[in-house]
Each structure stands twice: as structure tokens, then as C-alpha cells.
Amino acid sequence: MTYCINSPAVIADILDGEAIIINLKSGRYYSMDGCGAWVWSALIAGHDPEAIAAQLAAADAATVRRDLAAFVAQLSAEELIREDGTASPAAPLPEYAGTYAAPTLNVFTDMESMLLLDPIHKVDDAGWPHPAAE
Amino acid sequence: MDSSHPAGVRVTTGSEASAITTYFAALGAAFDRASAQHQQTALFSVGGQRWLVRHAGRQWGTRYLRAITHLRLPASDPIEPDLTIDIWDQAETGQPLPRPVWDWGRRLPHSYHSEFSADRCAALVYTGLYVLVDRAARHAWVWHPDGMSLPQWDFAAPLRDLIELWFKPSALIRVHAGAVATDGGGCLIVGASGSGKSTTTIACLRAGLRYLGDDYVLIDPEQQRIYSLYNSGKLTPDTLTHFPEFAPHVSNHDSIAEFKAILYFDTLFPDQMVVSAPLKAIFIPTVTHQPETQIAPVSAMTALQALAPSTLFQASDPSAADFGKISRMVRGAGAHRLLAGTDFDHLTAQVKEHLRHG
């Protein structure tokens, strides 16, 4: 199975080997560095987890596959990626040059409340607002 | 969907498009009626553009535009404005907004949006403020049923949704940051609520640095330039104790606990208000409780993490393109942790020195 970024709700960027991911729908944002950022880049480029695990062969293969499965499950649970059976990577996946460490997703929830602050008005059939509590 | 339309644009039928055209034509007539008794006009510099703002009535419009008065240009400026904005409210003028003829297309966290074409769109903000934009005509309309009832923070940062809508197709983006400047250049001061962002920004203003804002500014990542939006500043009751001389000038004594203390600095520091400055540095304050302040370089990712989430979660309709603008900006500017000490003289001297010599 291959995956893609869950756009447009999710936006991400990689800078100096670190990834930042923002889920505009949930109000959560995330960071990863090192191996995690590399795996994230490979996943959203359309490489399947088996192929990614093969490029992390310097570590114990069974451990890598287990770590990646857990990582992909967490990314899916946070709705950062979605399955995309049609993804085809534009470039071959190079071997990971760093030292293997289980990919870790750092989760930040301090902004969640910003999406819940405003008592948005509801709009009646004619397009005029009234407070949501009415 | 017709692939010739940008993503998010509703494809209207011929009769709907005709109804929208008729509606936008009626906006002009409605504003003419609202402003028949009294109209005020002023020209402003916003993000390097000239905005001609006309508001009907004497009360709400004047108060609503208070926070951008430092951006005023001479009225005699002969250059055609980039945008004309007509503002009125019903409570003061008795003139309603023409009744919308569309179903609101998208419910966003803080507003409803409808995009009728690449040029025309409308937003209904949670406060009840309507914003309507006709890009081709370079014209916008802002209306509220009772403008004086808007929350205090709307007066401290007016026209936020219009600014976001108007600049969305451009290189510019409104970011959640304070900004001050010296002759050597300007800096963004970024961080979440409670990080010391406003305290640092306002301490720098008091120490003589030029002021571009304490909460929202526009940035142009292509030119690496900061543009001021508001002359206002907000301080919590606790941080206001660091600036006792400002207490008599707080504009909302009866709602400080709810909205923070809101100050308008253009009258207190008129010579330090600036419209724009080149971006030289990004500071991420961390309060240390030590007397002295230190500045330490950090990665661009640290700056992106401090700036992007709070900016995008406050935006009406954030997108990957907006994220890209912020990302380009932080890649081009030096980012630093400002280990902010309790000695404000030392803190502001460090910021000045860094901007002067890097």
C-alpha cells in the first residue's frame, strides 16, 4: 500500500532535515527530525513502507518493519496521510544516510483551542446570520 | 467542475452569475444611500498598496479605522488607488446590506466563504461582519449590522479578513508576529501567547525602536520586507505592570480581563510608527527570569514552528500556498532565540545591537 499527504487539510514542509506538519482541520501540528523526517518524505513521495524499510537495512529488518508499521499507523490515526494505491514515486528512493532510530512523531496540541474560540453565527435560509446558540 | 476555475471557486449557472452581478451593482447604490448624510474618505498605505477607504457616518467608521491611522497618506496623492473600500453599518446609517442572493459555500472555522468567480467573493465573519470583494473592479465593501458592538479586538485589528482575502493571490501574507525596526532593519518577534512576544515588542517601542505592530503584520517573502498593519498593542494585566506609564492610555479599562489592555501607540509614539522595514531577523522570545538577555541562533525550522501554526490557525482560509510564503520567509531571514531577561534596558539594547550589526 502507498500513501499520500491528506491534503488539503494537511500541509507540510521540510527544512534542514526536519519536518513540520500542520493539520488545519484538527488544530494540531507535528514535527519530526532525522529518520522520522526521512521516512515521512519517502511516504508522501509515494514509496511503500516495504521499500522504505529496505533502505533502512543497516538496522535489524524486523525491528525496522515493526517501527514503520507503528509509525504509519500513527500518521493515519492523526489523519496526516491517506491510502493512495495509485501513487508512483517520481524518483528512486536513496538509502538512508543517517543512523537509524525509530521514527518519532512529536505532537503539539497547544493551538487546538484556536479553532474552537469563535461562536460562529449560523446563517438562515436567506443568508443572514444569527448566533449559533439560537 | 469546470477545470478552468481555480480550486474552491463555485461554478455558477448563467442566472446565478447574473444575480451576483446585479447584487454587486446594488452594493454601490446601498453605500451611496448610507453615506448620503456624511462620508469620510482617507487614503492608506497597506502592504505597499494605496487603499482608498470611504466610510459612511461619523462614529463607527472613525473608531473602526483607529488602529490604521498611522498608515494614512496625504489626501492629495494623485495616484489611482489599488483598492477602494466602502464601509458602513446599519445601526448608524439605517442602511442595510442588500440581502445575499447565494447559499454560503464553505463553512470555515471563523467564517463562511463564497467565491463566485476568480474575481468576486464574499465572507461572513463570526462577528457578523460582511466582507465583499470584486478584484476586477478593485473594490471591496465592509458592512456590519451594528459596528460599535464588535468585540474590542476587532477594533485593535480591523479589516483582518479583507486583508487576508485581498492579499491571498499576491506574494504577501498576514502573519501572527510583532515587529520593530531600527535604521539597520526590522525584526519579527514571534511566539505563542505568553511567550513574551508583546512584552518584548512593546519594550522595544518604549526604548525608541520603530514600531510595526505587536500581533499582526504583513510580510513579503519575495522582498523580505515587513509591512505594518496596526498601531495598536495588547498587554495582559500582568504585563501591563511592566509599563505603568501606559495605564492611563488603555482604551478599554472595563474589559482588560476579557480582551487584554488595548493601547493605540500612534499618539504616544508618533515619530516611531513606520509603514514598512526590511526584514533582517526573526526573534523567538523565551522568558528566562535572569537579568540579562542573550541571543542565540536557532534553525529556520524552529522559526517556522514558532510562526506558521499560530498564523495559519488564526487565518480564515489557510492553504499550502500560505504555508509556502511563511516557509520562504524564514529560509531567508536569520532566526534567533531571544533569551529575554528581566532588565528591559539590556533586552532592548541587545535587539538594537543585533539589528545594527547582526
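Since we're looking at a predicted model, the values are computed, not measured.

1. What to know about the overall build of chain A
The secondary structure content of chain A amounts to 3 helices and 8 strands. Moving toward the C terminus, one meets the helices and strands of chain A in the order β-β-β-β-α-α-α-β-β-β-β. Taking the contacts inside chain A whose residues are at least 6 apart along the sequence as the reference set, 65% of them involve residues at least 24 apart. About 6800 Å² of surface is accessible on chain A, with carbon and sulfur atoms providing 53% of the total.

2. Brief notes about the overall build of chain B
A tally of helices and strands in chain B yields 11 helices and 20 strands. Against the compact-globule benchmark of 21 Å for 358 residues, chain B has a radius of gyration of 21 Å, which places it among compact chains. When burial is assessed residue by residue, chain B has 58% of its 358 residues classed as buried. Once local pairs closer than 6 in sequence are excluded, the contacts in chain B between residues at least 24 apart make up 71%.

3. A word on the pattern of salt bridges
Residues and elements named next belong to chain A. A complete count under the given rule lists 15 salt bridges over all chains for this structure. Close ionic contact of Arg28 with Glu112 constitutes a salt bridge, the shortest N to O distance being 2.8 Å. Residue Arg28 is found in strand β4 (residues 28–32), and its partner Glu112 is found in the loop between β6 (106–108) and β7 (121–123); the two are separated by 84 residues along the sequence. When its relative accessible area of 25% is taken as the criterion, Arg28 is described as partly exposed. The structure contains a network of salt bridges with shared partners spanning Arg28, Glu78 and Glu112.

4. Quick look at helix α10 (residues 320–332) of chain B
Over its 13 residues, α10 of chain B runs 19 Å from end to end, which matches the ideal 18 Å to within 8%, given 1.5 Å per residue. Listed in full, the buried residues belonging to α10 of chain B are Asp322, Phe323, Gly324, Lys325, Ile326, Ser327, Met329 and Val330 of chain B.

5. Considering the interface of chain A and chain B
Tallying the contact residues gives 31 residues for chain A and 37 residues for chain B. Of the roughly 2900 Å² buried at the junction of chain A and chain B (both faces included), carbon and sulfur atoms supply 71%. Counting across the chain A and chain B interface gives 1 salt bridge. In this structure, Asp13 of chain A and Arg331 of chain B form a salt bridge, with 2.9 Å as the shortest nitrogen-oxygen distance. Where chain A touches chain B, the interface holds 3 residue pairs in polar contact (both at pLDDT 80 or more).

6. So, the sheet that holds strand β1 (residues 39–46) of chain B
Residues and elements named next belong to chain B. Sheet architecture is open: 9 strands sit in the order β3-β1-β2-β4-β9-β8-β7-β6-β5, paired in mixed fashion. At either margin of the open sheet sits one strand with a lone partner, and together these are β3 (72–73) and β5 (106–107). As paired strands, strand β6 (residues 111–115) and strand β7 (residues 120–125) are joined by 5 bridges and run antiparallel to one another. Across the sheet, the residue bridging to Ser114 is Ala122, located in β7. Here helix α1 (residues 14–34) sits on the sheet and contacts β1, β2 (49–56), β4 (83–89), β7, β8 (130–134) and β9 (139–144); the angle it forms with β4, its principal contact strand, is near 65°.

7. Comments concerning the environment of Gly178 of chain B
Residues and elements named next belong to chain B. Tracing the backbone through its elements, the reader meets Gly178 in strand β11 (residues 178–182). Each C-alpha atom of the pair Gly178 and Glu245 lies 21 Å from the other, and the pair is 67 residues apart in sequence. For Gly178, the residues in contact, after removing those within four places along its chain, are Cys187, Leu188, Ile189, Lys197, Thr201, Gly213, Asp214 and Asp215.

8. Topic: the packing of helix α9 (residues 300–314) of chain B against α10 of chain B
All names here are of chain B. The interhelical angle for the contact between α9 and α10, taken along N-to-C directions, is 150°, at an axis separation of 9 Å. In terms of their interaxial angle, α9 and α10 are classed as roughly antiparallel. With respect to the hand of their crossing, α9 and α10 are arranged in right-handed fashion. Contact residues: α9 offers Ala300, Ala303, Leu304, Leu307, Ala308, Thr311 and Leu312, while α10 offers Asp322, Phe323, Ile326, Ser327, Met329 and Val330. Grouping the constituent residues of the contact of α9 with α10 by class yields 10 nonpolar, 2 polar and 1 charged.

9. Re the sheet that holds β6 of chain A
Residue and element names in this part refer to chain A. Read across the open sheet, the 4 strands follow the order β2-β3-β4-β6; overall the sheet is antiparallel. Strands at the two margins of the open sheet, each flanked by one partner only, are β2 (10–15) and β6. Recorded for the sheet is a direction-independent mean angle of 20° between the axes of neighbouring strands. With 5 bridges joining them, strand β3 (residues 18–23) and β4 adopt antiparallel strand pairing. Note on β4: the bridge partner recorded for Ile20 is Ser31.

Rules behind the numbers
Residues numbered from 1 in each chain as written. Chains lettered and ligands numbered in written order. Predicted model: local features only at pLDDT ≥ 70, side-chain atom pairs only at ≥ 80, totals over all residues. Heavy atoms only, no water. Helix = DSSP H or I, 4+ residues; strand = E, 2+ residues; numbered from the N terminus. Contact = heavy atoms within 4.5 Å. Areas by Shrake-Rupley, 256 points an atom, 1.4 Å probe, with all protein chains shown as cover. Rg over C-alpha atoms; globule rule 2.2 N^0.38 Å. Buried < 20%, exposed > 50% of the residue type's maximum accessible area, 1.4 Å probe, protein only. Salt bridge = Lys/Arg side-chain N within 4 Å of Asp/Glu carboxyl O. Expected span 1.5 Å × (residues − 1). Buried area = accessible area lost by both parts, 1.4 Å probe. Polar contact = N/O pair within 3.5 Å; in protein donor to acceptor, adjacent residues only side chain to side chain. Pairing = 2+ DSSP bridges. Axes fitted to C-alpha atoms, helices over the stretch in contact; angles between N-to-C directions. Parallel < 35°, antiparallel > 145°, perpendicular 65-115°, else oblique. Left-handed = near helix turned anticlockwise from the far one by under 90°. Nonpolar A, V, L, I, M, F, W, Y, C, P; charged D, E, K, R; others polar.

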